[in-house]
Amino acid sequence: MKKYVAEFIGTAVLVLFGCGTAAVLGTKGSEANVAYLATAFAFGLSIVAMAYSIGNISGCHINPAVSIGFLLSGKMNVKDFIGYVIAQFLGGICGAFILMSLIGKEHGLGANGLFDASIGKSLLIEIILTFVFVFVILGVTSKISNSAIAGLVIGLSLTLIHIFGIHFTGTSVNPARSFGPALFMGGEALISVWVFIIAPLIGGALAALCYKWLFTEIEE
């Protein structure tokens, strides 16, 4: 249960600070480039902070796409996967609720949106972004000797992915991060949220299968 509570808290923090930064800067007339970078670092630093605080408890997945990657790579059992995903979605909802209570819906809550109103393009972008993110996580956590720097590497990787991806979809790579804000925003955000649930899960699964194949080849 402690692992699930840790995942709940971690996901809530990610949504509150990451999506909160996106929402606030997006309505303050900030220069687009400054807002993009600040949002990217907000998500990345949230991961770093949580990795070094709850990492020893739950591994700090705080993302169903990461959890499915661990499940398919044999690093997680089905029971924990289900518990983690439930905790992550509840955490995302809680974080979005706190954010809405603070700034209101009119600021957007950092919800994701389709790129060029295209489901196909948005699916492809999110699959690629999530593949890279989960692939990095599986790689850096594969050796115990990397534990001291794993959180920093993962956080910086998420920052990089956001710097590139915000222009397209706002960058999800995390179903729980997308569902929370979309639930309270409603409208188009809620209608299209399935894209930001399915695509990251596919990207995470592909990353796990690819990494598992590469790792097996090296071992052989």
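Basis of the calculations
- Residues numbered from 1 in each chain as written.
- Predicted model: local features only at pLDDT ≥ 70, side-chain atom pairs only at ≥ 80, totals over all residues.
- Heavy atoms only, no water.
- Helix = DSSP H or I, 4+ residues; strand = E, 2+ residues; numbered from the N terminus.
- Salt bridge = Lys/Arg side-chain N within 4 Å of Asp/Glu carboxyl O.
- Buried < 20%, exposed > 50% of the residue type's maximum accessible area, 1.4 Å probe, protein only.
- pLDDT = per-residue confidence, 0-100.
- Contact = heavy atoms within 4.5 Å.
- Expected span 1.5 Å × (residues − 1).
- Bend = angle between axes of the 7 residues up to and from the residue.
- Phe/Tyr/Trp six-rings, centres within 6.5 Å; stacked < 30°, edge-to-face > 60°.
- Lys NZ or Arg CZ within 6 Å of the ring centre and 35° of its normal.

J.: Would you mind going over unusual backbone geometry with me for this structure?
T.: Comment: phi is negative for the bulk of residues other than glycine, and the bulk of peptide bonds are trans. One non-glycine residue, Ile-62, lies in the positive phi region at around 40°. Looking at where Ile-62 falls in the secondary structure, it is placed in the loop between α2 (32-58) and α3 (64-72). Notably, Thr-171 is not glycine yet its phi reads approximately 65°, a positive angle. Tracing the sequence through the fold places Thr-171 in the loop between α6 (147-169) and α7 (175-185).

J.: Hey, could you run me through the pattern of salt bridges in this one?
T.: Pairing is possible between side chains that carry opposite charge, provided their charged atoms lie close to one another. Applying the stated rule across the entire model yields 2 salt bridges. In this structure, Asp-80 engages Lys-3 in a salt bridge whose closest nitrogen and oxygen atoms are separated by 2.9 Å. In this pair, Asp-80 sits in helix α4 (residues 78-103) while Lys-3 sits in helix α1 (residues 2-26), placing the two residues 77 residues apart along the sequence. You can call Asp-80 buried: its relative accessible area is 14%. On the basis of relative accessible area, Lys-3 is assigned to the partly exposed category, the value being 29%.

J.: How should I be thinking about the confidence of the model for the protein chain in this particular structure?
T.: Detail in the predicted coordinates should be disregarded across regions flagged by low pLDDT. In this model, the protein chain carries an average pLDDT of 94, and 96% of its residues clear a pLDDT of 70 or more. Put simply, helix α9 (residues 195-219) is where the protein chain has its lowest mean pLDDT, 89, and α7 is where it has its highest, 98.

J.: Looking at this structure, how should I read the side chain of Ser-122?
T.: With respect to the secondary-structure elements, Ser-122 resides in helix α5 (residues 119-140). On the basis of relative accessibility, which here comes to 0%, the residue Ser-122 falls in the buried class. Apart from residues no more than four positions distant in its own chain, Ser-122 is found in contact with Leu-114, Phe-115, Thr-169 and Val-195.

J.: How should I be thinking about α6 in this particular structure?
T.: Working note: α-helix, 3.6 residues per turn, so residues spaced by three or four point in the same direction. In a regular helix each residue adds 1.5 Å, so 23 residues correspond to 33 Å; α6 covers 31 Å between its end C-alpha atoms and thus fits that length. Roughly 40° is the biggest bend found in α6, and it falls at Ile-163. Buried within α6 are the following residues: Ala-150, Gly-151, Ile-154, Gly-155, Ser-157, Leu-158, Thr-159, Ile-161, His-162, Gly-165, Ile-166 and Thr-169. Phi turns positive, to about 90°, at Gly-170, one or two residues after α6.

J.: It is not clear to me how the packing of aromatic side chains should be interpreted in this structure. Could you clarify?
T.: Any pair of aromatic rings gets described here by the distance separating the centres and the angle formed by the planes. This structure, assessed with the given rule, holds 8 aromatic pairs. Relative to Phe-168, the ring of Phe-115 has its centre 4.9 Å away and its plane inclined at 80°; by these criteria the two rings are edge-to-face. Of this pair, Phe-115 sits in the loop between α4 and α5 while Phe-168 sits in helix α6; the two residues are 53 residues apart in sequence, bridging distant segments of the chain. What links up through ring pairs into an aromatic cluster is the set Phe-131, Phe-135, Tyr-211 and Phe-215. Cation over ring: Lys-75 sits above Phe-70, and NZ or CZ is 5.6 Å from the ring centre.

J.: Explain the environment of Ala-6 to me, please; I cannot follow it from the model alone.
T.: When you line up the elements, Ala-6 lands in helix α1. On the accessibility criterion, Ala-6 (4% relative accessible area) is buried. With 44 residues separating them along the chain, Ala-6 and Met-50 place their C-alpha atoms 9.2 Å apart. What Ala-6 contacts, discounting residues up to four positions off in sequence, is Ile-54, Ile-57 and Ser-58.

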